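# Structural overview for review
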Amino acid sequence: MITYSFLQHYWCFVVALLGAILVFLLFVQGANSCIRSLGWTEEGKRMVLNSTGRKWEFTFTTLVTFGGAFFASYPLFYSTSFGGAYWLWMIILFTFVLQAVSYEFQNKLGNFLGPQTFQWCLILNGILGPLLLGGAVATFFEGSNFIVVKENLVDAESYTPVISHWANASHGLDALLNPWVLVFGLAVMFLARVLGILYVMNNVNDEDIRSRGSVRLIGAAIPFLILFVAYLVHLLLKDGYAYNDEGVIFIEPYKYLHNFIDMPVVTLFFLLGVVSVLWGIGITIFKKNNNNGIWFAGIGTVITVLCLLLCSAWNHTAYYPSTADLQSSLTMVNSCSSEFTLRTMFYVSLLVPFVLAYIVYAWRAIDKKKIDKQDIIDDHAY
């Protein structure tokens with residue numbers, strides 16, 4: 001029998017999976033941030049751009065789908081975060097729109113700004129996109145400065161449709177003042193660079209780019225590992241936000257460490273994901289002419305991020321803590337849609353495997369031929 005609790009956990013898993021896939025697809029941004037160092041010549045830059053240019057729609061679509069799934073299954077989070085922290089989300093969306101414009105117009109006739117301008121815009125998106133998205137994810141553990149007043153909907157005297165608001169005028173940018181939010185955001189940014197370099201090395205048939213990528217990979221992997229380990233240690237030792245069966249939220253020491261202990265299956269997959277990422281990096285650096293590291297690192301990234309996001313919400317954990325008012329913190333129970341909505345969407349979600357199969361098919365068709373110098377002289381080249 002499908003219970004309300006099962007549906008809440010199920011949609012938390014779906015949203016977390018979409019978030020994990022989005023982090024993997026940030027390889028597009030990561031590669032773009034390395035355009036000038038991977039593609040030393042104009043030909044090299046064009047090959048890198050045509051490699052990532054065939055995939056940027058996947059990233060943008062997944063970002064929109066991630067937000068849509070959150071809106072449908074956990075609308076209070078959507079209204080609180082996307083509505084309250086709108087400056088943070090608007091900057092993120094602006095950089096992604098800038099990316100789409102830059103791909104399409106950099107080599108168009110009549111581009112009076114010149115290709116270099118749009119290439120710098122892609123580099124900006126490659127840095128700010130992963131950094132700010134990582135910072136937004138870090139608030140699932142570090143908290144945000146908001147207040148929720150559900151009584152506004154039922155109080156006849158002070159009726160207002162606004163039930164959540166930011167407690168200061170920064171509207172989300174205050175999260176960047178937390179050094180641990182920056183640490184996690186930088187870790188995601190360097191992870192995106194690692195994945196981007198691995199993808200380009202696999203997708204572009206050019207020895208100069210591949211040899212250059214091996215060196216750049218070390219320069220991205222080392223800071224990523226340092227930042228990731230530092231944040232993981234911090235996460236395991238920090239206090240977390242828990243709630244009891246009555247829905248009362250309280251501070252629990254070592255909450256996320258307890259989550260890993262209480263959910264051994266999640267912990268096992270988390271460790272497998274970390275090992276897979278390290279294996280993908282290692283075989284690319286230490287095995288000459290092995291350019292398949294992106295698949296190990298990519299799958300490992302999805303598994304690792306999925307497990308981290310589940311630890312932020314499962315096991316009676318408040319997945320969006322409020323630093324302004326403890327009881328305003330959001331949980332799977334107090335922020336989800338109705339049982340009818342979740343159940344209806346559950347049956348619709350059974351079609352997802354067919355969508356994923358189409359994505360795999362389209363991906364294989366696009367990548368059937370490696371990018372080379374011939375591709376950049378095509379009329380449809382970026």
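Please refer to the structure placed before this passage.
As the structure is a prediction and not an experimental result, all values here were calculated from the model.

Along the protein chain, the regular secondary structure elements total 15 helices and 4 strands. For 382 residues, the compact-globule estimate of 2.2 N^0.38 gives 21 Å, and the protein chain sits close to it at 21 Å. Across its three principal axes, the protein chain shows a C-alpha extent of roughly 65 × 45 × 40 Å. Burial status across the protein chain gives 54% buried among its 382 residues. Sequence separation of 24 or more characterises 76% of the internal contacts of the protein chain that already satisfy a separation of 6 or more. When the accessible area of the protein chain is evaluated, it comes to approximately 17,600 Å², of which 71% is carbon and sulfur surface. A gap of 15 Å separates the mean positions of the 21 positive and 24 negative side-chain charges of the protein chain.

It is worth spelling out the packing of aromatic side chains at this point. Scanning all chains against the criterion turns up 35 aromatic pairs. Seen in terms of ring centroids, tryptophan 56 and tyrosine 103 are 6.0 Å apart; in terms of plane orientation they differ by 15 degrees. Their pairing is stacked. With tryptophan 56 in helix H5 (residues 56-73) and tyrosine 103 in helix H7 (residues 86-105), this residue pair connects regions lying 47 residues apart in the sequence. Looking at tyrosine 103, the relative accessible area reads 1%, which means it is buried. Over the aromatic face of tryptophan 363 sits the side chain of lysine 55, whose NZ or CZ is 4.7 Å from the ring centroid.

Note that side chains of opposite charge can pair when their charged atoms are close. Counted according to the given criterion, the structure contains 4 salt bridges. Of the charged contacts, one joins arginine 212 and aspartate 208 as a salt bridge, the two residues approaching to 3.3 Å between their closest N and O atoms. With arginine 212 and aspartate 208 both in helix H10 (residues 207-237) and 4 residues apart, the pair spans about one turn of that helix.

Relative to each other, helix H11 (residues 255-262) and helix H12 (residues 264-286) sit at 95 degrees, their axes nearing to 5 Å. Between H11 and H12, the crossing angle belongs to the class labelled roughly perpendicular. Across from Phe260, Ile261 and Asp262 in H11, the residues of H12 making contact are Pro264, Thr267 and Phe270. Of the residues assigned to the contact of H11 with H12, the class counts are 4 nonpolar, 1 polar and 1 charged.

Quick look at the pairing of strand S3 (residues 240-243) now. Burial along S3 is two-sided: the face carrying Gly240 and Ala242 and the face carrying Tyr241 and Tyr243 are both buried. As judged from the 4 bridges shared by S3 and strand S4 (residues 249-252), these two strands associate in the antiparallel manner. Paired with glycine 240 across the strands is glutamate 252, a residue of S4. Between the antiparallel neighbours S3 and S4 lie 5 residues, among them glycine 247 with a positive phi of about 90 degrees.

Okay, helix H9 (residues 179-203) next. Relative to the 36 Å expected for 25 residues at 1.5 Å per residue, H9 spans 36 Å between its end C-alpha atoms, a close match to the ideal helical length. By the N-cap criterion, in which a side-chain oxygen at the helix start approaches the backbone nitrogen of a residue two or three places on, H9 is capped by asparagine 178, the distance to tryptophan 180 being 2.9 Å.

The next thing to look at is H5. Since there are 3.6 residues in each turn of an α-helix, residues three or four apart along the chain are aligned in direction. Along its 18 residues, H5 runs 26 Å from first to last C-alpha, staying within 8% of the 26 Å computed at 1.5 Å per residue. Those residues of H5 that sit buried are Trp56, Phe58, Thr59, Thr62, Leu63, Phe66, Gly67, Ala69, Phe70 and Ser73. Along the long axis of H5, the arc covered by the buried residues comes to 165 degrees, so they all point the same way.

Where nonpolar side chains cluster on the molecular surface, the patch consists of Tyr86, Trp87, Met90, Ile91, Leu93 and Leu173 and spans about 520 Å² of accessible area. Tracing the sequence through the fold places leucine 93 in helix H7.

Quick look at the side chain of lysine 55 now. Relative to the elements of secondary structure, lysine 55 occurs in the loop between helix H4 (42-53) and H5. Among the residues examined, lysine 55 registers a relative accessible area of 0% and is labelled buried. A distance of 3.0 Å separates a polar atom in the side chain of lysine 55 from a polar atom in the side chain of tyrosine 199. Ignoring anything within four residues of it in the chain, the contact list for lysine 55 reads Phe27, Val28, Tyr199, Trp363, Ile366 and Asp367.

Contact pair helix H8 (residues 115-142) / H10: the axes reach a minimum separation of 11 Å and the direction vectors enclose 25 degrees. Classified by the interaxial angle, the pair formed by H8 and H10 is roughly parallel. Here Ala138, Phe141 and Glu142 of H8 lie close against H10, whose contacting residues are Tyr231, His234 and Leu235.

Here valine 48 shows up in helix H4. Classification of valine 48 as buried rests on a relative accessible area of 0%.

All right, on to unusual backbone geometry then. With a phi close to 65 degrees, asparagine 289 is a non-glycine residue in the positive phi region. Structurally, asparagine 289 can be placed in the loop between H12 and helix H13 (293-311). A positive phi angle is found at histidine 316, which is not glycine, with a value near 55 degrees.

Conventions we followed
Residues numbered from 1 in each chain as written. Predicted model: local features only at pLDDT ≥ 70, side-chain atom pairs only at ≥ 80, totals over all residues. Heavy atoms only, no water. Helix = DSSP H or I, 4+ residues; strand = E, 2+ residues; numbered from the N terminus. Rg over C-alpha atoms; globule rule 2.2 N^0.38 Å. Buried < 20%, exposed > 50% of the residue type's maximum accessible area, 1.4 Å probe, protein only. Contact = heavy atoms within 4.5 Å. Areas by Shrake-Rupley, 256 points an atom, 1.4 Å probe, with all protein chains shown as cover. Lys, Arg positive; Asp, Glu negative; His and termini not counted. Charge placed at Lys NZ, Arg CZ, Asp CG, Glu CD. Phe/Tyr/Trp six-rings, centres within 6.5 Å; stacked < 30°, edge-to-face > 60°. Lys NZ or Arg CZ within 6 Å of the ring centre and 35° of its normal. Salt bridge = Lys/Arg side-chain N within 4 Å of Asp/Glu carboxyl O. Axes fitted to C-alpha atoms, helices over the stretch in contact; angles between N-to-C directions. Parallel < 35°, antiparallel > 145°, perpendicular 65-115°, else oblique. Nonpolar A, V, L, I, M, F, W, Y, C, P; charged D, E, K, R; others polar. Pairing = 2+ DSSP bridges. Expected span 1.5 Å × (residues − 1). Polar contact = N/O pair within 3.5 Å; in protein donor to acceptor, adjacent residues only side chain to side chain. Arc of directions from axis to C-beta. Patch = residues over 30% accessible without salt bridge, like charges linked within 9 Å, V, L, I, M, F, W, Y side chains within 5 Å.

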